[in-house]
Structure formats: C-alpha cells, structure tokens
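Now for the letters of each chain:
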Amino acid sequence: MAGINEIQVRDARIEDADRIGQIAVDAWQFAYSSFLPAEFMATRADPALRAQRTRDRWHEEVIRLVALSSYGEVIGFAFEERPCQVAGIDSEIGALYVDPKFSRTGAGRALVQEMVRRFIAQGARSMAIHTLAENKIGCA
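A brief look at the structure comes next.

## Section: the overall build of the protein chain
When helices and strands are counted, the protein chain shows 5 helices and 5 strands. N-terminal to C-terminal, the α/β element order of the protein chain is β-α-α-α-β-β-β-α-β-α. For a compact globule of 140 residues, the expected C-alpha radius of gyration is about 14 Å, and the protein chain comes in at 15 Å, within 12% of that figure. In terms of overall dimensions, the protein chain has a C-alpha envelope of 40 × 35 × 30 Å along the principal axes. Residue burial in the protein chain is summarised as follows: out of 140 residues, 39% are buried. Intrachain contacts of the protein chain at a sequence separation of at least 6 include 65% that bridge at least 24 residues. Total accessible area on the protein chain is roughly 8100 Å²; 52% of this is exposed by carbon and sulfur atoms. Positive and negative charge centroids in the protein chain, built from 17 and 19 side chains respectively, lie 3 Å apart.

As structure tokens, this is what we get:
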C-alpha cells in the first residue's frame, strides 16, 4: 500500500464523480454498518445515486479534492461544506472518505492537510470536521 509520501492530492474533476460515489458507499459501509440500522444504511448504498448528487452540486463554489494512489487511482476525497454548519467556525470539511482498501495509507491525512492549507490561504482561522463518535476509524 502507498504511504503518505506517495499520495498525491489534486482538485476533483466532475469526471471523478462515479469513483467518488463508489468510495462514499464503500467507506460508509466500512465505517458505519456495525452500528447504524441496516434500513438507514440501505438509503446510502447506491454509488450511482451518490455520484449523481455530486454532479448535481458541482455548480457550488467549494473546495473539492481527491487523493490519488501512486498509480493515479482516485482513492479518497474531501469536500468543503459552505457555509460552515458550526457556529463560530470559519471553515468546515463536510465530507472526507477514503476507499477502505486504502485505509491507513495517509490518504485521509493528505486530504486534511491540503484542505487546511487552502482554508488558511482563504483567511480562515478555524476549521471543523466531525463524525459519529462510534466511527473509531474517523475519530482516529
């Protein structure tokens, strides 16, 4: 598996939407299926629907990043949430998901580091990112 030094981060492109949709579904299943109801999980189990939601929101002016493996494969993504949903905070990462096959490779860290760099460049002085407390992987 690739380490953080081999992970590249670039701006997401609309043509990445299908891969983003698949990663979102796989990461949700991996992180949340052990403690969220199956009925709820089923509402988020369609990669094509997730990809279409990404395309439908592409007009929004937010930071969208993807992490690439050393082979150039999209293995994770991070999207800015704007406006920030947390009172008193300047910026927010609203989505951060990594393909479970690439868990613990540094892809998530690389995405967060680039988001922080871009938020600072925009003048942000604070940032929020959150997950469910039961998501031990995300909390780590």
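## Some points on the packing of aromatic side chains
A complete count under the given rule lists 2 aromatic pairs for this structure. On the numbers, 5.0 Å between centres and 50° between planes, the contact of Phe77 with Phe79 is tilted. Accessibility assignment for this pair places Phe77 and Phe79 in one class, buried. On the numbers, 5.5 Å between centres and 45° between planes, the contact of Phe77 with Tyr97 is tilted. One end of the pair, Phe77, is in strand S3 (residues 74-80); the other, Tyr97, is in strand S4 (residues 91-98), and 20 residues separate them in sequence. Neither residue differs from the other here; Phe77 and Tyr97 are each classed as buried. Taken together, the ring pairs in this structure connect Phe77, Phe79 and Tyr97 into an aromatic cluster. In this structure, Arg64 packs its charged tip against the face of Trp58, placed 4.3 Å from the ring centre.

## Concerning the pairing of strand S2 (residues 64-68)
Buried residues dominate S2, accounting for 5 of its 5 residues. Neither face of S2 is exposed, since Arg64, Val66 and Leu68 on one face and Leu65 and Ala67 on the opposite face are all buried. As paired strands, strand S1 (residues 8-11) and S2 are joined by 4 bridges and run antiparallel to one another. Bridging across to S2, Gln8 finds its partner in Leu68. The pairing of S2 with S3 spans 5 bridges and is antiparallel. Opposite Val66, over in S3, you have Phe77 as the bridge partner.

What counts as what
- Residues numbered from 1 in each chain as written.
- Predicted model: local features only at pLDDT ≥ 70, side-chain atom pairs only at ≥ 80, totals over all residues.
- Heavy atoms only, no water.
- Helix = DSSP H or I, 4+ residues; strand = E, 2+ residues; numbered from the N terminus.
- Rg over C-alpha atoms; globule rule 2.2 N^0.38 Å.
- Buried < 20%, exposed > 50% of the residue type's maximum accessible area, 1.4 Å probe, protein only.
- Contact = heavy atoms within 4.5 Å.
- Areas by Shrake-Rupley, 256 points an atom, 1.4 Å probe, with all protein chains shown as cover.
- Lys, Arg positive; Asp, Glu negative; His and termini not counted.
- Charge placed at Lys NZ, Arg CZ, Asp CG, Glu CD.
- Phe/Tyr/Trp six-rings, centres within 6.5 Å; stacked < 30°, edge-to-face > 60°.
- Lys NZ or Arg CZ within 6 Å of the ring centre and 35° of its normal.
- Pairing = 2+ DSSP bridges.

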